[in-house]
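# Structure assessment
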Amino acid sequence: MATVLLSEAEKVYVMHGVQDDLRIDGRGCEDYRHIEIETDVVSNTSGSARVKIGHTDILVGVKAEMGTPKLERPSEGFLEFFVDCSANATPEFEGRGGEDLGTEIANTLYRVFDNSSSLQLKTLCITPREHCWILYVDVLLLECGGNLFDAISIAVKAALHNTKVPKVRVLEDDEGAKEIELSDDPYDCICLNVENVPCIITLSKIGHRHVVDATSQEEACRMASLLVSVTSKGTITCFRKVGGGSLDPASIFEMLETGNRVGKALHKSLQTTLETEESLGKKRQKVGFLG
Amino acid sequence: MAVDIRLATARKRVPLPADVGKHLVSPGDTITTDTGFMRGHGTYMEDEKLIASVAGAVERVNKLICVKPLQTRYNGEVGDVVVGRITEVQQKRWKVETNSRLDSVLLLSSVNLPGGELRRRSAEDELMMRDYLQEGDLISAEVQAVFSDGALSLHTRSLKYGKLGQGTVVQVSPSLVKRRKTHFHNLPCGAAIILGNNGYIWIYPIMEQKDDEAGGFVTNLEPVPLSDREVISRLRNCIIALNVHKMLLYDTSVLYCYESSLHQQIKDILKPEIMEEIVMETRQRLIDQEG
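All values reported here derive from a predicted model rather than from experimental measurement. Each chain carries its own residue numbering, running from 1 in the written order of its sequence. Each chain is given a letter, starting from A, and each ligand a number, starting from 1, according to the order in which they appear as written. Under the rules for a predicted model, residues below a pLDDT of 70 receive no local features and side-chain atom pairs below 80 are neither given nor counted, while totals for whole chains, interfaces and linings still include all residues. The basis for every side-chain value is the complete set of non-hydrogen atoms in the structure, without hydrogens or water.

## Describing the overall build of chain B
Spelled out, the test is: In DSSP terms, a helix is any run of H or I states spanning at least four residues, a strand is any run of E spanning at least two, and both are numbered starting from the N terminus. Classification of residues uses two cut-offs on accessible area relative to the type maximum, computed with a 1.4 Å probe and protein chains only: under 20% is buried, over 50% is exposed, and between them is partly exposed. In this analysis, two residues are considered to be in contact whenever any of their non-hydrogen atoms come within 4.5 Å of each other. The method behind every accessible area is Shrake-Rupley, applied with a 1.4 Å probe, and residues are considered shielded solely by the protein chains displayed. Just so you know, the count uses Lys and Arg for positive and Asp and Glu for negative, and it drops His and the chain ends. Lys charges are placed at NZ, Arg charges at CZ, Asp charges at CG and Glu charges at CD.
Looking only at helices and strands, chain B has 5 helices and 18 strands in total. In terms of overall dimensions, chain B has C-alpha extents of about 60 × 55 × 40 Å along its principal axes. Evaluated residue by residue, chain B yields a buried proportion of 44% over its 291 residues. A sequence separation of at least 24 residues applies to 62% of the contacts in chain B between residues at least 6 apart. Within the structure as shown, chain B displays about 15800 Å² of accessible surface, and the carbon and sulfur contribution to it stands at 50%. Where the 36 positive side-chain charges of chain B centre and where its 38 negative ones centre are 3 Å apart.

Spelled out as structure tokens, the structure:
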């Protein structure tokens, strides 16, 4: 992750602030920065979303392609994640510098979605054992301003909400050869139900307390972070510790509870925003990248 | 705990006040076809036409035409006050990052020794360099000279310059910091700021100075009281608001912005509509004060 150099005195200042529940920008320990979200920004994808949290800017594109189902899950489609850390974000990502971070994030996303309730993968199946829809989720890091995982998970959820998978019919010939027919109406698609898609909440331990949505300055002062993936109902699908410091079990329980609370609020807010955007329909003015 | 998610909205165009008769150009625009002018910074001659090479406002002094860029890396002048971060400790000098094209240089002979001694720097002083300034430390310094390649040579040969203690740094565009007689301000609201010409603004609490024997070699790491912390966070958010709206930064504008924001909660200042409201009020007050 792009690390910001801080002096000892600055780190001490940040830590004492967190202790008093007043962070550098005036937020409390459980407040998020202002989040801006827009879906359907990339026209040649099945679904896309762009999320901006402070200085963190993420673009996610989802493309639906047909393929063969996995052997162990023959009647389900699946998701493939790829994370690209663009050199725009920081010069450290130039060339192959961003690969490590990219694989780490992609693996986390695989773990988060690795359960049967997040996404109804059975709806993505066309013919068991032969054809299914594979959703290629591509994440692009445009700017790194701290709290990457949260922003990425919000963007992935919004992009999946926006994804439209075309409806197909399988016709059987006289000889038994199967033909796949796309429906004539381009707007005849399957919309995914993202109610149970989890979001990742990152809790960073600074001093004796933990904060939600750490900026890159605060990440430089943290000892360790806990990534918790929470659904809108409050179920935790996975959690993972990152960072070199140690966390004791009592604080892990506290952090899980905070993650649960904050996660539910985040999901509610996100759902309302996505529904508002959908209700604007075709009249919505797209802001895009030059707005 | 607050999670504020919004849809992206296009940036509003702020109408320029009518009396500002600036001639704005972008790279490639023809400034004039009159050959009688001398070309200054930001312009070049092609086909008997004077063309701008940067985006900014055209300035004319008698026969000299130059273009002052709106957004640029910091170009140092002798006598400027800068706030920089140490990136490297080399033999007999430190490399300081000051948001310019090249890292600035702080020579060992340009800093004050502990206790204020005046003597030739010896080999022991060289070995003790890291005890004074390490990688990541923040300093305030003055530009002593500009090397031929554009790198700045800094010095801290005064009691008001030196290593900075607890506080927070805000990065703004260098062209927004107004050149004034003094850049060190003790604001009446209870905090002090250093407006570095290079765009780094340092906000710190006014702490009681004990015996100044050490002179910057020992930093005060005591916790800062909550009231001071609130003032510092508020100032930080106000400065970011002024930066986003491209307003000139000097002690009066920062103070007016702080006073306009007092009825808002600190963390709300960064919301787009509240930012706009506060900056409009500040702008109005500044115009009234001038008139």
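Moving on, there is more to tell.
## Considering the overall build of chain A
Test applied: It is over C-alpha atoms that the radius of gyration is taken, and the globule rule equals 2.2 Å times the number of residues to the power 0.38.
Along its length, chain A carries 5 helices and 14 strands. Since a compact globule built from 291 residues should have a radius of gyration of about 19 Å, the 21 Å found for chain A is in line with a globular shape. Overall, chain A is about 80 × 45 × 40 Å in size when its C-alpha atoms are taken along their principal axes. Here chain A holds 291 residues, and the buried ones make up 53% of them. Within chain A, residue pairs in contact and separated by at least 24 positions form 69% of the contacts whose partners lie at least 6 positions apart.

## A closer look at the packing of helix α4 (residues 251-260) of chain B against helix α5 (residues 272-290) of chain B
Residues and elements named next belong to chain B. Quick reminder of the rule: Every axis in this analysis is a line fitted to C-alpha atoms, fitted for helices over the stretch in contact. Angles between the N-to-C directions lie between 0 and 180 degrees. Geometric relationships in this document are graded by angle, where less than 35 degrees denotes roughly parallel, more than 145 denotes roughly antiparallel, 65 to 115 denotes roughly perpendicular, and other angles denote oblique. The hand of a helix crossing depends on one turn: near helix anticlockwise from the far one by less than a right angle means left-handed, and clockwise means right-handed. Amino acid classes used here: Ala, Val, Leu, Ile, Met, Phe, Trp, Tyr, Cys and Pro are nonpolar; Asp, Glu, Lys and Arg are charged; the rest, including Gly, are polar.
Between α4 and α5, the least distance of the axes is 9 Å, while the angle of their chain directions is 130°. By the criterion of interaxial angle, the relationship of α4 to α5 is oblique. Crossing handedness for the pair α4 and α5: right-handed. Where α4 abuts α5, its residues Thr252, Ser253, Tyr256, Cys257, Glu259 and Ser260 lie against Ile278, Glu281, Thr282, Arg285, Leu286 and Gln289. Of the residues assigned to the contact of α4 with α5, the class counts are 4 nonpolar, 5 polar and 3 charged.

## A word on the UniProt feature "domain: K Homology" (unreviewed entry) in chain B
Put simply, the rule reads: UniProt positions are given in the numbering used here, feature names are shortened, and annotations may be inferred rather than shown by experiment.
If you check UniProt for "domain: K Homology" (unreviewed entry), the listed places come out as residues 167-205 of chain B in our numbering. End C-alpha atoms of residues 167-205 of chain B are separated by 7 Å, and the span's content is 0% helix alongside 46% strand.

## Section: the UniProt feature "domain: Exosome complex component N-terminal" (unreviewed entry) in chain B
The feature "domain: Exosome complex component N-terminal" (unreviewed entry), as annotated in UniProt, sits at residues 24-61 of chain B in this numbering. Segment residues 24-61 of chain B splits into 0% helix and 55% strand. End C-alpha atoms: 16 Å apart.

## Examining the sheet that holds strand β5 (residues 43-46) of chain B
Residues and elements named next belong to chain B. Here is the rule we go by: Paired strands, in this sense, are two strands between which DSSP finds at least two bridges.
The 3 strands are arranged β3-β6-β5 in an open sheet whose pairing can be described as antiparallel. The sheet terminates laterally at β3 (30-32) and β5, the two strands that pair on one side only. Each adjacent strand pair in this sheet contributes to an overall mean axis angle of 45°, direction not counted.

## Examining the pattern of salt bridges
The following threshold applies: Counted as salt bridges are all cases of a side-chain nitrogen of Lys or Arg within 4 Å of a carboxyl oxygen of Asp or Glu.
By the definition in use, this model includes 25 salt bridges over all chains. With its nearest N and O atoms 2.9 Å apart, the salt bridge here joins Glu273(B) to Arg6(B). Of this pair, Glu273(B) sits in helix α5 while Arg6(B) sits in strand β1 (residues 5-7); the two residues are 267 residues apart in sequence, bridging distant segments of the chain. For Lys92(B), the salt bridge goes to Glu126(B), with nearest N and O atoms at 3.6 Å. With Lys92(B) in the loop between β9 (81-90) and β10 (93-97) and Glu126(B) in helix α1 (residues 123-127), the pair connects residues that are 34 residues apart, well separated along the chain. One network of salt bridges, in which partners are shared, links Asp25(A), Arg27(A), Arg33(A) and Asp213(A).

## A look at α5(B)
To keep it simple, the criterion reads: The length a helix should cover is 1.5 Å for every residue beyond the first.
For α5(B), spanning 19 residues, the distance from its first C-alpha to its last is 27 Å, which sits close to the expected 27 Å at 1.5 Å a residue. Against α3 (226-244) and α4 of chain B lie the buried residues of α5(B).

## As for the UniProt feature "domain: Exoribonuclease phosphorolytic" (unreviewed entry) in chain A
Within this structure's numbering, the places UniProt gives as "domain: Exoribonuclease phosphorolytic" (unreviewed entry) are residues 32-166 and 196-259 of chain A. Across residues 196-259 of chain A, the secondary structure splits into 27% helix and 41% strand, with the terminal C-alpha atoms separated by 16 Å.

## Comments concerning the side chain of Thr231(A)
Residue and element names in this part refer to chain A. On the secondary structure map, threonine 231 appears in the loop between β13 (224-230) and β14 (236-242). What makes threonine 231 buried here is its relative accessible area of 6%. Setting aside residues no more than four positions away along its own chain, threonine 231 makes contact with Asn196, Pro198, Thr237 and His267.

## Remarks on a negative patch on the surface
The criterion, for reference: The residues that make up patches have over 30% relative accessible area and no salt bridge, and they are joined within 9 Å when like-charged or within 5 Å when they are Val, Leu, Ile, Met, Phe, Trp or Tyr.
Side chains of Glu172(A), Asp173(A), Asp174(A), Glu175(A) and Glu179(A) sit close together on the surface and give a patch of like negative charge. Tracing the backbone shows Glu175(A) in the loop between β8 (168-172) and β9 (178-182).

## Remarks on unusual backbone geometry
Residues and elements named next belong to chain A. Residues other than glycine seldom take positive phi values, yet aspartate 21 does so here, at roughly 60°. Inspection of the secondary structure puts aspartate 21 in the loop between α1 (8-19) and β1 (35-39). Of note in this structure, aspartate 213 is not a glycine but carries a positive phi near 55°. With respect to the secondary-structure elements, aspartate 213 resides in the loop between β12 (209-212) and α4 (216-221).

## Thoughts on the sheet that holds strand β4 (residues 38-39) of chain B
As a general point, the strands of a sheet are linked pairwise by backbone hydrogen bonds and lie either parallel or antiparallel. All names here are of chain B. Read across the open sheet, the 4 strands follow the order β2-β7-β8-β4; overall the sheet is mixed. Either end of the sheet is taken by a strand with one partner, and the two such strands are β2 (24-25) and β4. Bridge analysis of β4 against strand β8 (residues 64-69) gives 2 bridges, and the strand direction is parallel. Opposite methionine 38, over in β8, you have leucine 64 as the bridge partner.

## Observations regarding the confidence of the model for chain B
Counted only if it meets this: Known as pLDDT, the predictor's confidence for each residue is given on a scale from 0 to 100.
In this model, chain B carries a mean pLDDT of 88, and residues with pLDDT of at least 70 account for 93%. Note on the complex model: pTM 0.89, ipTM 0.88.

## A word on the nonpolar core
Defined as follows: Within this scheme, the nonpolar core is defined by two criteria: the residues are buried Ala, Val, Leu, Ile, Met, Phe, Trp, Tyr or Cys, and they are joined through side-chain atoms within 4.5 Å.
In terms of nonpolar packing, the biggest core is built from 68 residues, with Val139(A), Leu141(A) and Leu160(A) touching the most fellow members. Looking at this core element by element, the count peaks at 10 residues for helix α3 (residues 148-162) of chain A. Residues contacting Val139(A), with those up to four places away along its chain left out, are Ile58(A), Leu59(A), Val60(A), Phe82(A), Val83(A), Asp84(A), Leu109(A), Ile152(A) and Val156(A). Core analysis: the next-biggest nonpolar cluster, separate from the first, contains 41 residues, Val14(A), Cys221(A), Val224(B) and Leu255(B) among them.

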